[in-house]
Amino acid sequence: METNPCNNNVNGKSAIPSKVSRKPSQKDTIVNINGVLVGGAEIVVIAGPCAVESREQLFETARSVKAHGAGILRGGAFKPRSSPYNFQGLGEEGLKLLSIISKEIGLPVVTEVMDTRQVEMVASYADMIQIGSRNMQNYPLLKEAGMCKKPVLLKRGMMATIDEFLLAAEYILNQGNDQVILCERGIRTFETSTRNTLDLSAVPMLKRLSHLPVIVDPSHGTGLRWMVPSMSKAAIAVGADGLIMEVHYKPEEAICDGYQSLNLDEFRLLMAGLNKIAKAVGRGISTLKAAHI
Ligand code: PEP
Ligand code: MN
């Protein structure tokens, strides 16, 4: 029988040593994204559009999320779309826009990579590369990400167990890259009222089993703009080290995922509310340290 190195659920002990597992009294790993630390005392909010659509869309959204406390900018240039006829992203042109605005406003950027042949190119523009839910078990891609020198945001596969998720992260660590952030983004269940079922119990479980930082994506986790604020607060309350959420300057005109994207004002209001929850659990939002909100 195959022994699962991450299967600690039964007795709290790893069957065999693994790099992703938390060892007794091991400190949390802190991931450094060009100076922004994820996994320490402070909570980091990653915000931006689902996809980079245009210079105006990206720049207006980016400037606003920065002004209201985002610590990292998100935006997809290579989009994993269910239909091949849907917008696939601007590709390298999108990466260039991300890199320009990142330097202008001083926010690191995270963007998805889907193809082993593009890891080097994407990593040359981004401060952190994202491996999306659909690619969580793309083992050649995980290995390639493990060989690159940039931090990796690994999203939970929509059908993946916690053990499978941790083993996917193990592939990256095993190549010598321990700068990995785990992201709970909702799983498929029988429930259809939300896009996915956001498994917030994954947060304390992952924190218990692993030393890696854990963040939550309430946008893909629910698929509903109005639910993003409450699930964001809940995520912080259960111990998430950060959030990644979709924000768009005109969600009603977004090419993808507009229905789950906050507008700029909704993001501003959410950040004020989040800081209160963060303080209640003895933390703070990294960029709102001095703010009395
Ligand atoms: C995304 O964050 O842009 C995305 C496609 O998310 P997921 O991989 O979780 O579906
Ligand atoms: Mn999206």
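Keep in mind the model is a prediction, meaning the values are calculated, not measured.

## Overview of the layout of surface pockets
So, step 1. A volume near 240 Å³ is recorded for the largest pocket.
So, step 2. For the lining of the largest pocket, the class distribution of residues is three nonpolar, five polar and ten charged.

## Re the coordination of the manganese ion (ligand 2)
So, step 1. Within the protein, C50 (SG), H220 (NE2), E246 (OE) and D257 (OD) serve as the donor atoms for the manganese ion (ligand 2), at 2.0 to 2.4 Å.
So, step 2. Donor residues for the manganese ion (ligand 2) sit on one chain with the sequence pattern C-x169-H-x25-E-x10-D. Here H220 is found in helix α7 (residues 218-222), whereas its partner D257 is found in the loop between β10 (242-246) and α9 (264-280), with 37 residues between them in sequence. We note that H220, like D257, is buried.

## Observations regarding the side chain of S102
So, step 1. Tracing the backbone through its elements, the reader meets S102 in helix α2 (residues 92-105).
So, step 2. Given the relative accessible area of 12%, S102 is considered buried.
So, step 3. Within the structure, S102 has its side chain in polar contact with the backbone oxygen of L107 (distance 2.8 Å).

## Focus: the confidence of the model for the protein chain
So, step 1. Of the residues in the protein chain, 92% have a pLDDT of 70 or more, and the chain-wide mean is 94.
So, step 2. Across the protein chain, the element-wise mean pLDDT spans from 94 in strand β11 (residues 284-285) up to 99 in strand β9 (residues 214-216).
So, step 3. The low-confidence segment residues 1-6, where pLDDT is below 50, has 16 contacts with residues more than four positions distant or belonging to other chains.
So, step 4. Note on residues 8-12: pLDDT under 50 across the span, and seven contacts to partners over four residues away in sequence or across chains.

## Some details on the site of ligand 1
So, step 1. Around ligand 1, the neighbouring residues are R74, K79, P80, E112, Q130, G132, S133, R134, K155, R185 and H220.
So, step 2. At 3.0 Å from an oxygen atom of ligand 1 is found a side-chain nitrogen or oxygen belonging to Q130.
So, step 3. At 2.8 Å, a side-chain N or O of K155 approaches an oxygen atom of ligand 1.
So, step 4. Residues that form the shell around ligand 1 fall into these classes: one nonpolar, four polar and six charged.

## As for the side chain of N196
So, step 1. Its place among the elements puts N196 in the loop between β8 (180-184) and α6 (202-209).
So, step 2. Within the structure, N196 has its side chain in polar contact with the backbone oxygen of H220 (distance 2.8 Å).
So, step 3. Not counting residues within four places of it along the chain, the set of residues in contact with N196 comprises R185, G186, I187, R188, H220, G221 and T222.

## So, the packing of helix α5 (residues 162-173) against α6
The angle between the axes and the distance between the axes are what describe a pair of packed helices.
So, step 1. Put simply, α5 and α6 touch, their axes get as near as 11 Å, and they point 50 degrees apart. Overall, the two elements α5 and α6 adopt an arrangement that is oblique. As for how α5 packs across α6, the hand of that crossing is right-handed. From α5, I162, F165 and L166 reach across to α6, where they touch A202, M205, L206 and L209.
So, step 2. Each residue belonging to the contact of α5 with α6 can be placed in one class, and the counts come to seven nonpolar, no polar and no charged.

## Thoughts on the packing of aromatic side chains
So, step 1. With the rule as written, the count across this model stands at one aromatic pair.
So, step 2. When the ring of Y139 is compared with that of Y171, the centres are 4.5 Å apart and the planes differ by 25 degrees; the resulting orientation is stacked. Of this pair, Y139 sits in helix α4 (residues 139-147) while Y171 sits in helix α5, and the two are 32 residues apart along the sequence.
So, step 3. The exposure class of Y139 is partly exposed, given its relative accessible area of 31%.
So, step 4. The exposure class of Y171 is partly exposed, given its relative accessible area of 31%.

## A word on the pattern of salt bridges
So, step 1. The final tally for this structure, using the stated rule, is eleven salt bridges.
So, step 2. Taking the shortest distance from any N to any O, the salt bridge between K155 and D217 comes out at 2.7 Å. Of this pair, K155 sits in strand β7 (residues 152-155) while D217 is found in the loop between β9 and α7, placing the two residues 62 residues apart along the sequence. Per residue, the accessibility class of K155 equals that of D217, and both read buried.
So, step 3. Among the ionic contacts, a cluster of salt bridges with common partners joins R156, E184 and D199.

## Quick look at the pairing of strand β5 (residues 109-112)
Every other side chain in a regular strand lies on the same face of the sheet, so the side chains alternate between the two faces.
So, step 1. Of the two faces of β5, the one holding V109 and T111 and the one holding V110 and E112 are both buried throughout.
So, step 2. Handedness of the crossover joining strand β4 (residues 72-74) and β5 through α2 is recorded here as right-handed.
So, step 3. Sheet analysis places β5 next to strand β6 (residues 128-131), joined by three bridges and oriented parallel. Note that in β6 the partner of V110 across the bridge is M128.
So, step 4. Handedness of the crossover joining β5 and β6 through helix α3 (residues 119-125): right-handed.

The rules behind each value
- Residues numbered from 1 in each chain as written.
- Chains lettered and ligands numbered in written order.
- Predicted model: local features only at pLDDT ≥ 70, side-chain atom pairs only at ≥ 80, totals over all residues.
- Heavy atoms only, no water.
- 1 Å grid on protein atoms, 1.4 Å probe; cavity = no way out; pocket = protein on both sides within 12 Å on 5 of 7 lines; lining within 4 Å.
- Points joined across faces, edges and corners; volume = space filled by probe spheres on them.
- Nonpolar A, V, L, I, M, F, W, Y, C, P; charged D, E, K, R; others polar.
- Donors = N, O, S within 2.8 Å, 3.2 Å for Na, K, Ca; no water.
- Helix = DSSP H or I, 4+ residues; strand = E, 2+ residues; numbered from the N terminus.
- Buried < 20%, exposed > 50% of the residue type's maximum accessible area, 1.4 Å probe, protein only.
- Polar contact = N/O pair within 3.5 Å; in protein donor to acceptor, adjacent residues only side chain to side chain.
- pLDDT = per-residue confidence, 0-100.
- Contact = heavy atoms within 4.5 Å.
- Near = heavy atom within 4 Å.
- Axes fitted to C-alpha atoms, helices over the stretch in contact; angles between N-to-C directions.
- Parallel < 35°, antiparallel > 145°, perpendicular 65-115°, else oblique.
- Left-handed = near helix turned anticlockwise from the far one by under 90°.
- Phe/Tyr/Trp six-rings, centres within 6.5 Å; stacked < 30°, edge-to-face > 60°.
- Salt bridge = Lys/Arg side-chain N within 4 Å of Asp/Glu carboxyl O.
- Right-handed = clockwise from strand over helix to strand, strands pointing away.
- Pairing = 2+ DSSP bridges.

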